[in-house]
Amino acid sequence: MKQTQITLIQKESIAPAWWHLTMTAPDLADRLIPGQFLLVRCADLFSCYLRRPIFPSPMGNDCLSLRLRPDPDPGMAWLLSRQIGDVLDVIGPLGKGFPLPQEKRNILLISDGFRLDPLLGQMNHALSENLSVTLALGGSRAANLYPLNSLPSAVEFQAATLDGSLGHRGLVTDLLPDLLVWADVVYATGSTSLYHSLKIQTERVRFGLVKDFLYGLLSPPLHPCGVGSCLACSLETAAGLKLICLDGPVFDLSEIGNND
Amino acid sequence: MIELAHQHKIGLMLANPVMIAAGFAGYGKAYHGLINIETFGAIVTNPITLRPERGTTQPRLAETSAGFILNTGQQNPGVKKVIKQNQNFWAHLKVPLIAHLPADEPSDLHRTARALASITTPQGHPLIAAFELGLPPECTPRDVKAWLEAIQSDAPLPVLIKLPLGAPLHLIEAAAASAVALVISTPPLGSALNGSELVIGHLYGAALHSLILQEIQLIRQQVDLPLVAVGGIHTLADVQNFLSHGATAVQLDSLLFIDPQQAEMMAAELTNGF
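Note that the coordinates shown come from a computational prediction; the quantities given were computed from them, not determined experimentally.

## Points about the packing of helix 3 (residues 141-152) of chain B against helix 4 (residues 169-178) of chain B
Residue and element names in this part refer to chain B.
Phase 1: Packing of helix 3 against helix 4 brings their axes to within 9 Å, and their N-to-C directions diverge by 20°. One element, helix 3, and the other, helix 4, form an angle in the roughly parallel class. With respect to the hand of their crossing, helix 3 and helix 4 are arranged in right-handed fashion. Of the residues in helix 4, those touching helix 3 at Pro-141, Val-144, Leu-148 and Gln-152 are His-170, Leu-171, Ala-174, Ala-175 and Ser-178.
Phase 2: When the residues that make up the contact of helix 3 with helix 4 are grouped by side-chain class, the tally is six nonpolar, three polar and no charged.

## Regarding the side chain of Ser-111 of chain A
All names here are of chain A.
Phase 1: For Ser-111, the position within the fold is in strand 8 (residues 106-111).
Phase 2: Classification of Ser-111 by relative accessible area gives buried; the value is 0%.
Phase 3: Only 2.9 Å separates the side chain of Ser-111 from the backbone nitrogen of Gly-113, close enough to count as a polar contact.
Phase 4: If near-sequence neighbours (up to four positions away) are discounted, Ser-111 is found in contact with Leu-116, Leu-119, Ala-136, Leu-137, Gly-138, Val-172, Thr-189 and Leu-194.

## Side note on the interface of chain B and chain A
Phase 1: Opposite the 32 residues of chain B that make contact, chain A presents 25 residues.
Phase 2: Interface area for chain B against chain A, summed over the two sides, is near 2,500 Å², with a carbon-plus-sulfur share of 56%.
Phase 3: For the chain B face of the interface with chain A, the top three residues by lost area are Glu-63, Phe-257 and Ile-258 of chain B, together amounting to 25%.
Phase 4: A salt bridge links Glu-63 of chain B to Arg-52 of chain A, with the nearest nitrogen and oxygen atoms 2.8 Å apart.
Phase 5: Those elements giving two or more residues to the side of chain B that touches chain A turn out to be strand 5 (61-64), strand 6 (67-70), helix 7 (255-258) and helix 8 (260-272) of chain B.
Phase 6: Tallied by class, the residues present in the side of chain B that touches chain A amount to 13 nonpolar, 15 polar and four charged.

## Focus: the pattern of salt bridges
Between side chains of opposite charge, a pair can form when the charged atoms approach closely.
Phase 1: Inspection of the entire model under this criterion finds eleven salt bridges over all chains.
Phase 2: Among the ionic pairs, Lys-104 of chain A bridges to Asp-212 of chain A, the shortest N-O distance being 3.2 Å. On the criterion of sequence distance, the pair formed by Lys-104 of chain A in the loop between strand 7 (87-94) and strand 8 and Asp-212 of chain A in the loop between helix 4 (192-205) and strand 13 (214-217) is long-range, its members being 108 residues apart.
Phase 3: For Asp-212 of chain A, a relative accessible area of 31% corresponds to the partly exposed category.
Phase 4: Beyond isolated ion pairs, a larger network of salt bridges with shared partners links Arg-52 and Asp-73 of chain A together with Glu-63 of chain B.

## So, the sheet that holds strand 9 (residues 159-164) of chain B
Residue and element names in this part refer to chain B.
Phase 1: Taken in spatial order, the eight strands of this closed barrel run 3-4-7-8-9-10-13-14, and their pairing is parallel. Taking each pair of neighbouring strands and ignoring which way they run, the sheet shows an average axis angle of 25°.
Phase 2: Here strand 3 (residues 18-20) runs beside strand 14 (residues 249-252); their pairing, made up of three bridges, is parallel. The residue bridging Ile-20 from the neighbouring strand is Leu-252, located in strand 14.

## As for the state of the cysteines
Phase 1: Across all of its chains, the model carries zero disulfides over all chains by this definition.
Phase 2: Cysteine Cys-42 of chain A remains unbridged, with the sulfur of Cys-48 of chain A as its closest cysteine sulfur at 4.8 Å.

What counts and how
Residues numbered from 1 in each chain as written. Chains lettered and ligands numbered in written order. Predicted model: local features only at pLDDT ≥ 70, side-chain atom pairs only at ≥ 80, totals over all residues. Heavy atoms only, no water. Axes fitted to C-alpha atoms, helices over the stretch in contact; angles between N-to-C directions. Helix = DSSP H or I, 4+ residues; strand = E, 2+ residues; numbered from the N terminus. Parallel < 35°, antiparallel > 145°, perpendicular 65-115°, else oblique. Left-handed = near helix turned anticlockwise from the far one by under 90°. Contact = heavy atoms within 4.5 Å. Nonpolar A, V, L, I, M, F, W, Y, C, P; charged D, E, K, R; others polar. Buried < 20%, exposed > 50% of the residue type's maximum accessible area, 1.4 Å probe, protein only. Polar contact = N/O pair within 3.5 Å; in protein donor to acceptor, adjacent residues only side chain to side chain. Buried area = accessible area lost by both parts, 1.4 Å probe. Salt bridge = Lys/Arg side-chain N within 4 Å of Asp/Glu carboxyl O. Pairing = 2+ DSSP bridges. Disulfide = S-S within 2.5 Å.

Below, the structure is given as structure tokens:
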């Protein structure tokens, strides 16, 4: 972990609701595991006193990739308004990322939210190992989902939208019964209700939730220190108190309570 | 070099007057690898109590304009586990380590202090250089006396006392009578919204600087003891402001979250120029 500068070298609008930022980060990119985070200094101390966590994924050539949607938070809004050539002050990589799949064939990536980069990082790794990958995304409507045309063709894609404008009409968790039978391991990012459904349905479909099957990324909007000092992110688990910034943000969901 | 504990037989020598406040560097290891924490004059640890403390429930944090509210409720794994988890790291740390002890039952404080003072290097030097006793908002001079006796009866280390902001004169005098230095101050309470939930806790951020500068002026007139200023220090100018207006040393707090490199540079600057 270090405090260093990264530079925005590319910024493109990839859909009405999505931006793709590429940053050179020679000190960090090769060491960052998908799911780990950086704390980035945003805007001014008055509107944005604390650093904001971002969850980029490494994309080779000393670069990091970050997909963002417009966000009312002043820090994230400032970040999205950066231009090519702008420099960001970051601390990281912080926390524990997603583990690499060990002796797994079928990899399920699932999200009902917007921290997609860690999943896409896992996807790239799984494809390079010739594993089977299904990506399931949920959202309110097609325009809010991460754009499909930018996914590799080897990935099986499933969508769920509340208005039925793409894929299944309803929640992404409606797709779980079939997907959970197929999957050897699940990597998830999104809401706590997604994690809750994943646990309940895994117990139902697979007759129990074992270790090393469900991984979820917990991401409170703020991490004051990111290094285990401030204790703002403490989390009750079956194994006692944990810190999301040190022990997570990726957790084996079999080890944390249902209400987390 | 500055001496914070003139009257004390062991003393407390700092290479520079810039310390890290309790809650902002864990037990020393938190920023290891990110900055060189040995650059600082001293490190004050997170709170240490006799038994494990679970702390408060979530949400614990809310951001404000130019600051934040944080309430962790003294969460710590208890003195035994703190020692077990950190002893090896402390043994190689070349910077004075000050253990922060929240006020507690005197018998508990006594055992906590004794346990911490008894850990030494193979040569017999204590790994803890001093204690910082954190006073609660409501307490009496008698309480202060009882806590100090409890800490010092088996642990011959210097004790700094961290006062609540706006402490009454009789409490300041009682603290000054038994401590080697006063730490000014535990930040005031505030509340702010995290989503729809109100978080009540200590206020950190830029506004503290002027509150503490004023508090230092008041206390300076009352007691003749080294004062340590803590609250809202963001720049070298902030440090110098305190040092030229009554403080012998300072503790950095939220700057560690915002810009750890800047914090380290400020300590380095004052090591050379002091």
